[in-house]
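# Coordinate analysis (summary)
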Amino acid sequence: MVDLVALMNQPQRDQALLAEAGVSLDQALFRLLVGIERFGPIGVVELADRAGRDYTTVSRQVAKLEGLGLIERRPSAADRRVHEAVITDKGRQMTDALDAARQRIAAPILATWSEEDFSDLVRLMRRFVDDLMASSSGTDKP
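Residues numbered from 1 in each chain as written. Predicted model: local features only at pLDDT ≥ 70, side-chain atom pairs only at ≥ 80, totals over all residues. Heavy atoms only, no water.

## Some thoughts on the layout of surface pockets
One way to see where empty space is left: roll a probe the size of a water molecule over the atoms. A volume near 2,200 Å³ is recorded for the largest pocket. Along its surface, the largest pocket is lined by 37 residues, and L4, M8, V34, R102 and M125 are the ones closest to its centre. Elements that contribute at least two residues to the lining of the largest pocket include exactly α1 (2-8), α2 (11-21), α3 (27-39), α4 (44-51), α6 (89-110) and α7 (115-136). A per-element tally of the lining of the largest pocket places α7 first, with 9 residues. Class assignment for the residues of the lining of the largest pocket results in 25 nonpolar, 3 polar and 9 charged. (1 Å grid on protein atoms, 1.4 Å probe; cavity = no way out; pocket = protein on both sides within 12 Å on 5 of 7 lines; lining within 4 Å. Points joined across faces, edges and corners; volume = space filled by probe spheres on them. Helix = DSSP H or I, 4+ residues; strand = E, 2+ residues; numbered from the N terminus. Nonpolar A, V, L, I, M, F, W, Y, C, P; charged D, E, K, R; others polar.)

## Remarks on the side chain of T95
Within the fold, T95 resides in helix α6. When residues no more than four places from it in sequence are discounted, the contact partners of T95 are L33, V34, E37 and I87. (Contact = heavy atoms within 4.5 Å.)

## A short note on the environment of A16
Along the polypeptide, A16 turns up in helix α2. Its relative accessible area of 40% is what places A16 among the partly exposed residues. Each C-alpha atom, one on A16 and one on R102, is 9.8 Å from the other, the two residues being 86 residues apart in sequence. (Buried < 20%, exposed > 50% of the residue type's maximum accessible area, 1.4 Å probe, protein only.)

## Side note on the pairing of strand β3 (residues 83-87)
Counting buried positions along β3 yields 4 of 5 residues, so the element is predominantly enclosed. By the bridge criterion, 2 bridges tie strand β1 (residues 42-43) to β3 in an arrangement that is antiparallel. Paired with I42 across the bridge in β3 is A85. Direction of pairing for strand β2 (residues 71-75) relative to β3: antiparallel, over a ladder of 5 bridges. Its bridge partner being in β3, R74 is matched across the sheet by E84. (Pairing = 2+ DSSP bridges.)

## What to know about the packing of aromatic side chains
Summed over the entire model, instances satisfying the criterion amount to 0 aromatic pairs. The ring of F39 has R50 lying over it, and the distance from NZ or CZ to the ring centre is 3.8 Å. (Phe/Tyr/Trp six-rings, centres within 6.5 Å; stacked < 30°, edge-to-face > 60°. Lys NZ or Arg CZ within 6 Å of the ring centre and 35° of its normal.)

## Remarks on the nonpolar core
If you look at the biggest cluster of nonpolar residues, it comprises 25 residues, and the most contacted ones within it are L25, L33, I36, V62, L65 and L98. Looking at this core element by element, the count peaks at 6 residues for α3. Ignoring sequence-local partners within four residues, the contact set of V62 consists of I36, V44, L47, I71, R73 and A85. (Core = buried A, V, L, I, M, F, W, Y, C linked by side-chain atoms within 4.5 Å.)

See the structure below:
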C-alpha cells in the first residue's frame, strides 16, 4: 500500500496525466478539482481533510478554482454558515478529460489482465477502502 501511495503521489505522474488530458492547471488545484467533482458539494474543511492539507491553504486554492470558473461556492443546505464547493460545467469538462486520460494511460497496463482479474481488483479495492473507512469512523464490521 505504501508503494502504491508513493507511486501515485509522484509529481511527474500528475504532470503526465495533465499533459495527456490536455489540461493546463496547477497540480495542487487539479487534485482539489477532482475531489470536488467526486465528493461535492463539499465544504472546505472536509475537502482539506480528504486532501490531507491545511484548511487555509485549501480555502485559497478553492478561491482560485472559483476564479477560474471551475467551481462555484454556495451556502450548504444543511448549514447556511458553511459554503460548499460545487463543480461547474467547465470544471466537469476538465475532470472528464482527466478521467479519459487516466483510462488511456491505464489501458496498456490492464490490456493483459483478464476481465476476472480486473473485476477482482475493483471489488477488492472497494472492499478495502470501505473497510478502512468503517474502521476509522468507529463502525467496524463484525
